[in-house]
Structure formats: C-alpha cells, structure tokens
Amino acid sequence: MTLSMMALIAGLLLWMVFCALCGFRGRFFVFLAMLIGGLVLNSLWMVFGLDAQPFESHAVMAQGAAVIYALCAFGCGWFARRLRQAWRDSKV
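Residues numbered from 1 in each chain as written. Predicted model: local features only at pLDDT ≥ 70, side-chain atom pairs only at ≥ 80, totals over all residues. Heavy atoms only, no water.

Attention now goes to unusual backbone geometry. Even without being glycine, Asp 51 reaches a positive phi, approximately 55 degrees. Among the secondary structure elements, Asp 51 is positioned in the loop between helix H2 (28-49) and helix H3 (57-90). Look at Asp 51 and you get exposed, because its relative accessible area is 65%. (Helix = DSSP H or I, 4+ residues; strand = E, 2+ residues; numbered from the N terminus. Buried < 20%, exposed > 50% of the residue type's maximum accessible area, 1.4 Å probe, protein only.)

And the structure:
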C-alpha cells in the first residue's frame, strides 16, 4: 500500500471519528459542516487527483458512499450517547 493511500485512509478514519463525536455530543450543525467539508475535499481529490469528471457515475457513487459513511458514524455516536444516558439513568 502506498503512502498516499494510507494517508487517504487515515483521513477518512479521522473524518469518521469527528462525525461520531458530533453524534455523541449532539452537534447537528457541526456534523452538517463536517459532511459538506468532507464531500468538498472528496470531490476535489477525485477531480484533481484522479482526473474524474464531477458527475460521472463512479464519482457520484463515491460521494454517496461518503455520505453513508458519515451518517453511519454519526448514528453510532448518537447511539453511544443514548446508551450512556440509559446507563446513567438506570443507576447501575
């Protein structure tokens, strides 16, 4: 695996961690900003790094996957928050 590929994977993981933190803290507008920023960076990488057209099928599918990744990470953070609240409310 090349260094640039490892950097892209690390960036995706970091972005997903921040999306999960937004879900955990309930910061919906910060998540929306993170989502838009991530989509813009992904689009710039595909257009300038891979010479893809912005609306070709593979680029649109990659953007859709990025949205799903972000929503799943946000949902996991939100679910963890709900679990923490339920744990505290149960007085265990």
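A few words on the environment of Met 46. You can see Met 46 is positioned in helix H2. Its relative accessible area of 7% is what places Met 46 among the buried residues. Placed 21 residues apart in sequence, Met 46 and Val 67 show a C-alpha to C-alpha distance of 15 Å. Each residue touching Met 46, except ones within four places of it in the same chain, is listed here: Asp 51, Ala 52, Ala 59, Ala 62 and Gln 63. (Contact = heavy atoms within 4.5 Å.)

A word on H2. It helps to recall that an α-helix has 3.6 residues per turn; residues three or four apart then point in one direction. Given a rise of 1.5 Å per residue, 22 residues ought to cover 32 Å, and the 30 Å separating the end C-alpha atoms of H2 matches this to within 8%. Listing the buried residues of H2 in full gives Phe 31, Leu 35, Gly 38, Leu 39, Asn 42 and Met 46. For H2, the arc enclosing every buried residue in end-on projection is 100 degrees, short of the 170-degree limit, so these residues lie on one face. Exposed positions of H2 whose direction lies more than 90 degrees from the buried face are Phe 29, Leu 41 and Phe 48. The positive-phi residue at the C-terminal boundary of H2 is Asp 51, with phi of around 55 degrees. (Expected span 1.5 Å × (residues − 1). Arc of directions from axis to C-beta.)

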